[in-house]
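Reading the structure
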Amino acid sequence: MLPSSTVENYLKAIYKGASTLTPPHRLLPMGQLASALGVVPGTATTMVKALAESGLVEYEPYSGVALTAAGHKLAALVLRRHRLVELFLVRLMGYAWDEVHDEAEQLEHVVSDRLIDRMDEMLGRPEVDPHGDPIPNADGQVKPQESQTLMTCPIGAPVRVTRVVDQDSAFLRFVDRHYLKPGAAIQVEERDPSADSVRVRGEGGRLITIGTRAASKLLVQVARTALLLLLAVVPALAQDAATPAARGPRTSLSGYMDFHYNKPEFADGSLDFHRFVLLVTHSFSDRIRFVSEIEIEHALVEGGEEKGELELEQAYVDFLLSRRFNVRAGMMLMPVGIINERHEPPVYYGVERPFVDTVIVPTTWFETGAGIHGEVGRGWRYRAFVTAPLNAAEFSADEGIREGKQKGSQANAGRVGTTGRLEYVGLRGLTAGASWWAGRSGFEFRPRFDVPVKLAEADARYGRNRFEGRLQFAQVWIDNADLLNDALTRRVGVDPNIAHVLRGFYAESGYRFIEAARFGDVGAFVRYENFDTQYRMAGSGIRLPQFDRDAWVMGATYWPDPDIAIKTDYSVVRNRSGFIQVPNSFNLGLGWWF
Amino acid sequence: MRHLRTSLLGAATLAALAVVPGVASRARGAQPAESPRQVVEIAAERFSFTPSEIKTKAGTTLEIRLRSDDTAHGFHIIGTDVDLELPKRGKGVATVTFTPKAGRYTFECSRLCGAGHEFMRGVIVASE
């Protein structure tokens, strides 16, 4: 007859308890067994007597219990099933190592020997489970392990973590967080009995201080092979470390994407792979870097038909001369606004970027040029660039200067633009800055006349703990807008009604009301925007009320990982026109960064 | 015999640590208990370290604890072998010790973290 799960649990508890006994003791006290099983001693005694009658244990009243050879084998096979199931769940089914114990507690009593043997084979006949516990073979035998705890291993010697003897989920997460999982190469630097603490140096030079209780639950082996290797390469290491030379060339690849579903009221929804961006960087040395960002917008680029865009948003070389003074040249992001330089999808709320960062500040705003940047101390830093100017011939009434970007494509450089930003990052969580752009933009017209454009912007972003707040104000002045309208009317036959002043601002507040949960973080936000691309008209221009807009955008973001954002929001846009209305829209988005 | 082998390995370890400065610096915590220590907590987020300016005395062992408020960042002190990765928000703290000589040491994010990654820099100023 097959043993019941209760019998198996008793045998397993006696097996584990016996491993903590030190010779000459060989009987596990009944009190200790009852406590391990969470039952009263009387219950444990009744069960142990029954097990003794079955020949699985030896029981000595008032002394304790020990497994017979038959009981020992049965217990070892229960552990074999438990540990193979745990490893199977982690390796092949994607479970985390801190969530397999409970599953294995159930399955260890029901999986057949045949299934267990197939799992063992699939896993390559492993010797240890995810926690480093030895897996008995099919005969119930265990390969002896030689190990010490972090409380007993030599101080200063390289050791490798081999086993975590406490399977409590919270403790396993603690071990994971501190990079102390089996396989980690570490060394004990100091034991401080007065503080019950052990200081450990982990991989990558991390220093970790843990309590003595935790230290006693981590088993390690002295890394003798590592030591021998170290001795063999001493001359080479000595040379490298004595002169820590600048690092050699390195190339990195990163990227992000934005995938949206937009559903305006009274219209069909659309699925838009809005952005797919790859960043490639290369460090020629610690002081000379190349950075590039290539973006495919709206997924598809077709010749002769405007659909998507393939853009080179950044491609510059940075000459990092000192903390205060560095030189940059190439295709650069304009240092204007919150989103333009910090636009990875997981870092902002909302499926679409703010309206102000679209029609007032023409995000993503990039242009060819050169300039300087640096940090002057106490958290203040600056950037100042000279770039190709905007092309006023592409300005419009509803999107302002947005289409005037030359984007470094054989850009006219008969005039130049200047841009810059002064920024304060001296308090944790706070970034506050002010920026400008100025340039003469009427180069395309003959006879030539100037269209000086100025943009001033100020913003602040504060994020601490779960809260994040943002404020931004931006205003654009287009001088000679009346001359510009006249020239464009002559060219296209319609007055574009471009304004003299465009203005917008927004305030946003967000809060992560679930944080560090097992399934990730969840936050909600609300944003108010006010923007008008015809705030002041020039000369005889007529100010149209549909361009004076308000927007309320509210929604939520779920981060299964800090670099993945699943977003939803509802956007309500209103204008001052009695005839032309903007539909509300529901938006869903998926974005990531790697 | 076994005892002799262990002793030899131990002696060889000490010899190796003594002649390899890079390795010795990793084991530093074991020896100079009297060396002054200074704990520095740095928060990292796209695209700044706060604080970005650390002042200390030459010879002080800085215990630098780094926490990210968003993605994974790197922390590299230029010209040294200090280079580690900071776990993402909510995934823990990275700690490293560094004992500067007198001078200025620029540190930077060494893991590409976004469009403004190159702005993530700071300085450790160690005075005599």
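Residues numbered from 1 in each chain as written. Chains lettered and ligands numbered in written order. Predicted model: local features only at pLDDT ≥ 70, side-chain atom pairs only at ≥ 80, totals over all residues.

1. A closer look at the nonpolar core
Inclusion rule: In this usage, the nonpolar core is the set of buried Ala, Val, Leu, Ile, Met, Phe, Trp, Tyr and Cys residues whose C-beta atoms join them within 7 Å. Each residue is classed by its C-beta neighbour count within 10 Å, where at least 20 other C-beta atoms makes it buried, 12 or fewer makes it exposed, and intermediate counts make it partly exposed; the C-beta atoms are placed from backbone geometry. The way it works is that DSSP assigns letters per residue, a run of H or I at least four long becomes a helix, a run of E at least two long becomes a strand, and they are numbered from the N terminus. Once C-beta atoms are placed from the backbone, any two residues with those atoms within 7 Å are in contact.
Residues Ile360, Ile478 and Leu484 of chain A are the most contacted members of the largest nonpolar core, which totals 41 residues. Sorting the residues of this core by element identifies strand E13 (326–333), helix H11 (356–360), strand E18 (452–464), strand E19 (467–478), helix H12 (481–492), strand E20 (501–517), strand E21 (520–536) and strand E22 (548–561) of chain A as the ones contributing at least two each. No other element matches the four residues that H12 of chain A contributes to this core. If near-sequence neighbours (up to four positions away) are discounted, Ile360 of chain A is found in contact with Gly400, Ala474, Val476, Leu502, Arg503, Gly504 and Phe531 of chain A. Judged by nonpolar contacts, the second largest core, of 30 residues, contains Phe49, Leu86, Ala94 and Cys113 of chain B.

2. A word on the packing of helix H2 (residues 30–37) of chain A against helix H3 (residues 41–53) of chain A
Residues and elements named next belong to chain A. Here is the rule we go by: Whenever a helix is involved, its axis is fitted only over the stretch in contact; in every case the axis is a line through C-alpha atoms, and angles between N-to-C directions fall within 0 to 180 degrees. Comment on the angle field: the value is read as roughly parallel under 35 degrees, roughly antiparallel over 145, roughly perpendicular from 65 to 115, and oblique elsewhere. Nonpolar residues are Ala, Val, Leu, Ile, Met, Phe, Trp, Tyr, Cys and Pro. Charged residues are Asp, Glu, Lys and Arg, and all others, Gly as well, are polar.
Interaxial distance between H2 and H3 falls to 9 Å at its minimum, and their mutual angle equals 105 degrees. Taken together, the axes of H2 and H3 lie roughly perpendicular to each other. Listed contacts from H3 to Met30, Gly31, Leu33, Ala34 and Leu37 of H2 are Pro41, Ala44 and Thr45. Residue classes in the contact of H2 with H3 are distributed as six nonpolar, two polar and no charged.

3. Some words on the confidence of the model for chain A
Residues and elements named next belong to chain A. Heads up, the condition is: pLDDT expresses how confident the predictor is about each individual residue, on a scale running from 0 to 100.
Looking at chain A, the pLDDT average stands at 87 and 93% of residues meet or exceed 70. Averaged pLDDT values over the elements of chain A bottom out at 34 in helix H10 (residues 234–242) and peak at 97 in E19. Within the model, pLDDT remains below 50 along residues 225–245, and this stretch shows 25 contacts once partners closer than five positions in the same chain are excluded.

4. Some thoughts on the environment of Val336 of chain A
All names here are of chain A. Relative to the helices and strands, Val336 is located in the loop between E13 and H11. For Val336, a count of 27 C-beta atoms within 10 Å corresponds to the buried category. As a C-alpha pair, Val336 and Gly420 span 84 residues in sequence and 7.7 Å in three-dimensional space. In this structure Val336 touches Val361, Trp365, Thr419, Arg421, Ser435, Trp437, Leu455 and Glu457, once residues within four positions along its chain are discounted.

5. Considerations on the sheet that holds strand E6 (residues 83–86) of chain B
Residue and element names in this part refer to chain B. Put simply, the test is: Strands are labelled as partners when DSSP assigns at least two bridges between them.
Here five strands make up an open sheet; going across it, the order is E3-E9-E8-E5-E6 and the pairing mixed. Among the strands making up the open sheet, the edge pair consists of strand E3 (53–57) and E6. Between one strand axis and the next, the sheet turns by 20 degrees as a mean value, whatever way the strands run. Sheet topology note: the strand E5 (residues 73–77)/strand E8 (residues 103–108) ladder contains two bridges and is antiparallel. Of the residues in E8, the one forming a bridge with His76 is Glu108.

6. Examining H3 of chain A
Residues and elements named next belong to chain A. What counts here: One fewer than the residue count of a helix, multiplied by 1.5 Å, yields its expected span. By definition, the arc is the one covered by directions from the helix axis to the C-beta atoms.
Under the 1.5 Å per step criterion, the end-to-end length of H3 is 18 Å for 13 residues, consistent within 8% with the ideal 18 Å. Those residues of H3 that fall on the buried side of the exposure criterion are Ala44, Met47, Val48 and Leu51. Angular distribution of buried residues about the axis of H3 spans 100 degrees; they occupy a single face of the element. Seen from the buried face of H3, the exposed residues on the opposite side, beyond 90 degrees, are Gly42, Thr46 and Glu53. The positive-phi residue at the C-terminal boundary of H3 is Gly55, with phi of around 80 degrees.

7. What to know about the sheet that holds strand E8 (residues 218–222) of chain A
The strands making up a sheet associate through hydrogen bonds between their backbones, and the pairing can be parallel or antiparallel. All names here are of chain A. If you trace the six strands from one edge of the open sheet to the other, you get E3-E8-E4-E5-E6-E7, paired in antiparallel fashion. The sheet is open, and its two edges are formed by strand E3 (148–149) and strand E7 (207–211), each paired on a single side. Of the strand pairs in this sheet, strand E4 (residues 159–164) and strand E5 (residues 185–192) are connected by two bridges, and their pairing is antiparallel. In the sheet register, Val159 faces E5, and the bridge partner there is Ile186.

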